Amino acid sequence: MKDGPTQSSGRTQAPSRAVWNRSDRTALMTSGEIGMRMWNPAADLQPAEVISCATAADVQAALARAANARLGVSVLSGGHGRPGRSLQRGGVVLDLSPMRAATVIGDVVIAGGGALSLDAMIAAEREGYSIVAGTVGSVGIAGFTLGGGYGPLNGLVGTGADNLLAAEVVLADGRLVHTSERSDPDLLWALRGGGGNFGVVTALHLRAFPITSVLTGRVTFGWDQAADVLRGFGELCAKAPDEFTARAGATTLPDGTDVAYVAPTWLGDPASGEQWMERVTGLGRPLSVDMRTMAFSDVLREGEAAFADTTMHHDMGTRNVAAVNSAVAATIIEAAEARTSPSSVIEIVPFHGVATRLPIELAAFAQRKPHFLVEMIGSWSPDDGATDKDWARDTSRKLAPHALPGGYPNLLGPADDEQVAHAYGPNTERLVALKRRYDPRTIFSATPLPR
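Residues numbered from 1 in each chain as written. Predicted model: local features only at pLDDT ≥ 70, side-chain atom pairs only at ≥ 80, totals over all residues. Heavy atoms only, no water.

Looking only at helices and strands, the protein chain has 13 helices and 17 strands in total. Each of the 451 residues in the protein chain was classed as buried or not, and the buried ones make up 58%. Long-range contacts, defined here as pairs at least 24 residues apart, represent 72% of the contacts in the protein chain between residues at least 6 apart. For the protein chain, the exposed area adds up to about 17,600 Å²; of that, 51% sits on carbon and sulfur atoms. (Helix = DSSP H or I, 4+ residues; strand = E, 2+ residues; numbered from the N terminus. Buried < 20%, exposed > 50% of the residue type's maximum accessible area, 1.4 Å probe, protein only. Contact = heavy atoms within 4.5 Å. Areas by Shrake-Rupley, 256 points an atom, 1.4 Å probe, with all protein chains shown as cover.)

This is how it looks when you write it as structure tokens:
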């Protein structure tokens, strides 16, 4: 597996102290205007200080400053972590937003620790490539990759973590190291799914693929068809080739109409993909069909529409299920009908293909059995009286009897002890031992690890 070149870490001026803007708790401001925003303002955690870091040397200085002050540390990139893991109450936030540069050398994308998914994808597309990313452009590519990396390319090439070739990391003791399969491979193994628990990743080397566009879209169905559509979606995905993936779920249209939807993606020859798109439309009597060939960067841009309102508060629940059978579909439908906010959604994502065929010991990420990720996002406005604050958690509990052990690390929070305990399966012992080696004082606590 080839390594990309190490990103420069030359020194700059000492990192500037940032000011927490109390009138808008989603904004981080420095004398420069960082302008990063937290996705979930419900995560109201007041840090002691925010330090802007433009280089690895800045990160080293910031870690030393935090250590001298005996303060905890968190790392802010895209700010999409649901529990607000980018912030630490009373601690020091290392804001990596100045480190958004992404370059391409050969078939490797080198992305700064603060790069957003869209930043890295645009850089890849300029050279005729794509990378493994999700569906929302403002998600930090580091957090996405280190926590597993579920996305449309999983079936064809594996997860984001599987395609992390190397990384530049500032460890808890301040050392700057370069990890790859030839240099400190244990650290690379831990980063592939173990989250940002082992140091501050200031550069990622990501495998790129010669894919420039996909056939994708969205099909909506009347709510009275939801049971048949969801079951049919599960059956379709279970027998689909690696080139096909899709998302399905329950949502409310702007006019207040509840619908079931399926959003398919075809990664192969467009002519071959048409038959799979027809199978999607054949799951019921569509209310609307929108299918297009588009660049991955446009997929990421469109995904931003779901997060356009930065005033909404959110909570999440997640479960992995082996199949979308009648019992699972009925639980999802019941939960969707119990929503009090039209902004709350349920989404189902299949995990199949290459990502399930890779050896479980390849990476810390251990969710290798074919499954469906069910994601419940409770969203509400603090001003409209409707609150789904507990809805996502309640739905997660109702799905638990049908669920597989563990869950997707990127979506698990500190309260999900039972799922976290099983998230890494047979890799748990090695992962915890590496945590003790690289971060013995537990400076970093990103995605939760088994205790």
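Here the focus is the nonpolar core. With 58 residues, the main nonpolar core has Ile131, Ile141, Leu191 and Phe198 as its most contacted residues. Broken down by element, the residue count for this core peaks at five residues, all from helix α5 (residues 185-194). When neighbours within four sequence positions are excluded, Phe198 is seen to be in contact with Val169, Leu171, Leu187, Ala190, Leu191, Leu431, Leu434, Lys435, Tyr438, Phe444 and Leu449. Val324, Val328, Ile332 and Ala392 belong to the second largest nonpolar core, which has 38 residues in total. (Core = buried A, V, L, I, M, F, W, Y, C linked by side-chain atoms within 4.5 Å.)

On to the environment of Gln419. Here Gln419 shows up in helix α12 (residues 417-422). As a C-alpha pair, Gln419 and Pro409 span ten residues in sequence and 9.1 Å in three-dimensional space. Once residues within four sequence positions are removed from consideration, Gln419 is found in contact with Thr318, Arg319, Ser396, Gly406, Gly407 and Leu412. Within the local environment of Gln419, its side chain forms a polar contact with the backbone oxygen of Gly406, the two atoms lying 3.3 Å apart. (Polar contact = N/O pair within 3.5 Å; in protein donor to acceptor, adjacent residues only side chain to side chain.)

With that out of the way, let us pick up the side chain of Lys435. Mapped onto the elements of the fold, Lys435 is located in helix α13 (residues 428-438). With sequence-adjacent residues up to four places away left out, Lys435 is seen in contact with Asn197, Phe198, Pro440, Thr442, Phe444 and Leu449.

Going through the model one piece at a time under the given rule, you end up with six aromatic pairs. Aromatic rings pair up to connect Tyr150, Phe351, Phe365 and Tyr408 into one cluster. Sitting over the face of the ring of Trp276, Arg279 holds its NZ or CZ atom 4.2 Å from the ring centroid. The ring of Trp189 carries Arg430 above its face, with NZ or CZ at 4.0 Å from the centroid. (Phe/Tyr/Trp six-rings, centres within 6.5 Å; stacked < 30°, edge-to-face > 60°. Lys NZ or Arg CZ within 6 Å of the ring centre and 35° of its normal.)

On the secondary structure map, Ala62 appears in helix α1 (residues 56-68). Considered as a pair, Ala62 and Val73 are eleven residues apart in the sequence and their alpha carbons are 9.3 Å apart. Setting aside residues up to four positions removed in sequence, Ala62 forms contacts with Ile51, Cys53 and Leu94.

Moving on to the packing of helix α2 (residues 117-126) against helix α8 (residues 296-303). The geometry of α2 relative to α8 is characterised by a closest axis approach of 9 Å and an angle of 160 degrees between their N-to-C directions. For the element pair α2 / α8, the angle class is roughly antiparallel. With respect to the hand of their crossing, α2 and α8 are arranged in left-handed fashion. Residues Ser117, Leu118, Met121, Ile122 and Glu125 of α2 lie in contact with α8, whose contacting residues are Phe296, Ser297, Leu300 and Arg301. Its residues assigned to classes, the contact of α2 with α8 comprises five nonpolar, two polar and two charged. (Axes fitted to C-alpha atoms, helices over the stretch in contact; angles between N-to-C directions. Parallel < 35°, antiparallel > 145°, perpendicular 65-115°, else oblique. Left-handed = near helix turned anticlockwise from the far one by under 90°. Nonpolar A, V, L, I, M, F, W, Y, C, P; charged D, E, K, R; others polar.)

So, on to the sheet that holds strand β14 (residues 286-294). Taken together, the seven strands give an open sheet; going across it, the order is β14-β11-β13-β12-β16-β17-β15, and neighbouring strands pair in antiparallel fashion. Pairing within the sheet leaves two strands with one partner each, and these edge strands are β14 and β15 (313-321). Here the average twist between neighbouring strands, direction ignored, is 15 degrees. Both strand β12 (residues 244-252) and strand β16 (residues 345-351) contribute to a ladder of three bridges, which runs antiparallel. What sits directly across from Ala248, in β16, is Ile348. Along the sheet, α8 contacts β11 (214-222) and β14; its crossing angle with β14, the most-contacted strand, is approximately 140 degrees. (Pairing = 2+ DSSP bridges.)

In this section: the sheet that holds strand β7 (residues 108-112). What the five strands build is an open sheet, ordered β6-β7-β10-β8-β9; its pairing is antiparallel. The open sheet terminates on both sides in strands that have one partner only, identified here as β6 (102-105) and β9 (176-180). Averaged over all pairs of adjacent strands, the angle between strand axes in this sheet comes to 15 degrees, irrespective of strand direction. In this structure, strand β8 (residues 164-170) lies alongside β9, joined through five bridges in antiparallel fashion. Residue pairing across strands places Val169 opposite Val177, the latter belonging to β9. Along the sheet, α5 contacts β8, β9 and β10 (200-207); its crossing angle with β8, the most-contacted strand, is approximately 105 degrees.

Residues of the protein chain with pLDDT of at least 70 account for 85%, and the chain-wide mean is 87. Between residues 1-37, whose pLDDT stays under 50, and residues either more than four places distant or in other chains, the model counts 96 contacts. (pLDDT = per-residue confidence, 0-100.)

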